[in-house]
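# Examination of the molecular architecture
As a plain string of letters, each chain reads:
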Amino acid sequence: MDERSSILIVDDDADIRKVLYLLLHEKYAVAEAADGQEAVAYMQTHPETDLVVLDVMMPGMDGFEACDKIRAFSNVPILFLTAKSAEADRISAYGSGGDDFLSKPFSQGEFLAKVSSLLRRWKQYRGKPASTVWTFGNLEVDLSTRMVRNAGETVPLTDTEYSILEC
């Protein structure tokens, strides 16, 4: 059975949550939170969530703090969606554990592309060990870097060849 990916939308603006819900609900299971504290509580009780779309400027716990708290127990992808667009804001977003950043106002197409990309990578790599190296005689396969070496020499592989080897 192919289950729909689940997305948590976190924004204190109900209108923004409604727009995002309308963009996503036909393809994804969508939940909403109105602030950072509610988002952290939701993630603690719903660890199966596949993506968090997180605003920065919210009363109480802002998005950076919420991201930091979520990162304490989850590696779920986090897409910051915010009116703050200065370089320092983007650096803070990535520094707090965010995976991507999109400034408001945003294009529907770019938003949906980022959502799809983050979900694809999450589904592909979730649960894989972070730094496992398989060794078979002289052959080494590093799962974290996707590098293959034979007797110490790097073996160039296409993505398809690497996927076949990994299987």
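Residues numbered from 1 in each chain as written. Predicted model: local features only at pLDDT ≥ 70, side-chain atom pairs only at ≥ 80, totals over all residues. Heavy atoms only, no water.

## A short note on helix α1 (residues 14-24)
- Listed in full, the buried residues belonging to α1 are Arg17, Leu20 and Leu24. On an axial view of α1, the arc spanned by its buried residues comes to 70°, and they lie on one face. Turned more than 90 degrees away from the buried face of α1 sit Asp15, Lys18 and Leu22, all of them exposed.
- Tucked into the core, α1 has its buried residues touching β1 (6-10), β2 (29-33), β3 (51-54), β4 (78-82) and α5 (108-125).
- Structurally, the start of α1 carries an N-cap: the backbone nitrogen of Asp15 is 2.8 Å from a side-chain oxygen of Asp13. (Buried < 20%, exposed > 50% of the residue type's maximum accessible area, 1.4 Å probe, protein only. Helix = DSSP H or I, 4+ residues; strand = E, 2+ residues; numbered from the N terminus. Arc of directions from axis to C-beta. Contact = heavy atoms within 4.5 Å. Polar contact = N/O pair within 3.5 Å; in protein donor to acceptor, adjacent residues only side chain to side chain.)

## Quick word on the pairing of strand β8 (residues 147-150)
- As defined by bridge partners, strand β7 (residues 139-142) adjoins β8 across four bridges and the pair is classed as antiparallel. Residue pairing across strands places Glu140 opposite Arg149, the latter belonging to β8.
- Where β8 and strand β9 (residues 153-154) come together, two bridges link them in antiparallel fashion. In the sheet register, Asn150 faces β9, and the bridge partner there is Glu153.
- Between the antiparallel neighbours β8 and β9 lie two residues, among them Ala151 with a positive phi of about 55°. (Pairing = 2+ DSSP bridges.)

## As for the nonpolar core
- With 21 residues, the main nonpolar core has Leu8, Val10, Val52, Leu54, Ile78 and Phe80 as its most contacted residues.
- Those elements giving two or more residues to this core turn out to be β1, β2, α2 (36-45), β3, α3 (63-71) and β4.
- The dominant element in this core, judged by the number of residues it contributes, is α3, at four residues.
- Apart from residues lying up to four places away in sequence, Leu8 is in contact with Ala31, Glu32, Ala33, Ala39, Tyr42, Met43, Thr49, Leu51, Val52 and Val53. (Core = buried A, V, L, I, M, F, W, Y, C linked by side-chain atoms within 4.5 Å.)

## Side note on the pattern of salt bridges
- This model, assessed by the stated rule, comprises six salt bridges.
- As a salt-bridge pair, Lys104 and Asp11 come within 2.8 Å of each other at their nearest N and O atoms. Here Lys104 is found in the loop between β5 (100-103) and α5, whereas its partner Asp11 is found in the loop between β1 and α1, with 93 residues between them in sequence.
- Residue classification places Asp11 among the buried residues on the basis of a relative accessible area of 2%.
- The partner of Asp55 in a salt bridge is Lys104, and the shortest N-O contact between them spans 3.5 Å. Taken together, the residues span a long stretch of sequence, with Asp55 in the loop between β3 and α3 and Lys104 in the loop between β5 and α5 at a distance of 49 residues.
- Classification of Asp55 by relative accessible area gives buried; the value is 4%.
- Bridged by salt links that share partners, the residues Asp11, Asp55 and Lys104 form one connected network. (Salt bridge = Lys/Arg side-chain N within 4 Å of Asp/Glu carboxyl O.)

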